Amino acid sequence: MNTHTLTLEQKQWALAELRTIKEQFASRHWFPGTSGNLSVRVGDIQEEHFQFAITASGKDKSIHTPEDFLFVDENGRATEATHLKPSAETLIHCEIYRLTGCGAIFHVHTVFNTIVSDLYGDRGAVPVEGVELIKAFNIWEEDAKIHIPVVPNYADIPRIVPCVTASLDPCIPGILLRKHGIYAWGANAFEAKRHLEAFEFLFEYVYRKQALHQ
């Protein structure tokens, strides 16, 4: 059982970060139909126990309400009395935090990341080579080539978790669900946002480049 107590200040800081990120991404239309989810870890990871704030399920992310977020533990269970439900994909967040020790995870559905995830789904990864925005992932080699993992998207979320475990690349702070969207993460909200923006640029680049050659 997670007995680590969070301070009010820690919780308020996490909620303020999520509110700001949610507002910015909503202005980009990255949450169509209440889709997507955002989370920020609160406090340290102690003996595999941790807590994080995450968007509540089924909320309109273009507006702010007192019911936008809740706090859950490393198993995706609410840590406070609430009628709110965490995102259906909370277990994926739990696994990414466990595997990477990151501080924030952002998941959005866009046209480009959805199309590219399907185009390269059978290959299991999206290849990108020599594009400047690869440096956003702290990869500085000239003409660097990366492979962004793509995993199957099942209606039964627990089936996705072992696919994430098997496919996650510690050098690439993101993973695609096929025909679904991108999970991007970072040491904190700022870094996760930077990584997500870089992934979205790269997905559009890959799609448009392929379209030019058809």
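Just above sits the structure.
Residues numbered from 1 in each chain as written. Predicted model: local features only at pLDDT ≥ 70, side-chain atom pairs only at ≥ 80, totals over all residues. Heavy atoms only, no water.

### Remarks on the pairing of strand β4 (residues 104-108)
Here is step 1 of the chain: Burial of β4 is extensive: 5 of the 5 residues sit out of reach of the surface.
Here is step 2 of the chain: Pairing of strand β1 (residues 37-46) with β4, which is carried by 4 bridges, proceeds in the antiparallel orientation. Of the residues in β4, the one forming a bridge with L38 is F106.
Here is step 3 of the chain: Direction of pairing for β4 relative to strand β8 (residues 181-186): antiparallel, over a ladder of 5 bridges. What sits directly across from I105, in β8, is W185. (Buried < 20%, exposed > 50% of the residue type's maximum accessible area, 1.4 Å probe, protein only. Helix = DSSP H or I, 4+ residues; strand = E, 2+ residues; numbered from the N terminus. Pairing = 2+ DSSP bridges.)

### So, the packing of helix α1 (residues 8-27) against helix α5 (residues 189-212)
Helix-helix packing is described using two parameters, namely the angle between the two axes and the distance between the axes.
Here is step 1 of the chain: Packing of α1 against α5 leaves a shortest axis separation of 11 Å and a crossing angle of 20 degrees. Classified by the interaxial angle, the pair formed by α1 and α5 is roughly parallel. In this structure, the crossing between α1 and α5 has a hand that is right-handed. The residues of α5 that touch α1, namely those facing E17, I21, Q24 and F25, are A189, K193 and L196. (Axes fitted to C-alpha atoms, helices over the stretch in contact; angles between N-to-C directions. Parallel < 35°, antiparallel > 145°, perpendicular 65-115°, else oblique. Left-handed = near helix turned anticlockwise from the far one by under 90°. Contact = heavy atoms within 4.5 Å.)

### Let's talk about the side chain of T55
Here is step 1 of the chain: Structurally, the position occupied by T55 is in strand β2 (residues 49-55).
Here is step 2 of the chain: Here T55 falls in the buried class, since its relative accessible area comes to 2%.
Here is step 3 of the chain: If we ignore the near neighbours within four places in the chain, the residues touching T55 are G36, N37, L38, K61, D68, F69, L70, P86 and S87.

### Let's talk about the pairing of strand β3 (residues 69-73)
Here is step 1 of the chain: Most of β3 sits inside the fold, with 5 of its 5 residues counted as buried.
Here is step 2 of the chain: The two faces of β3 match: F69, F71 and D73 on one face and L70 and V72 on the other face are all buried.
Here is step 3 of the chain: With 5 bridges connecting them, β2 and β3 associate as antiparallel partners. Following the sheet pairing, Q51 is matched in β3 by D73.

### Quick look at unusual backbone geometry
Here is step 1 of the chain: Even without being a glycine, H29 presents a positive backbone phi close to 65 degrees.
Here is step 2 of the chain: Mapped onto the elements of the fold, H29 is located in the loop between α1 and β1.
Here is step 3 of the chain: One non-glycine residue, E47, adopts positive backbone phi at about 50 degrees.

On their own, these measurements won't tell you what the molecule is for.
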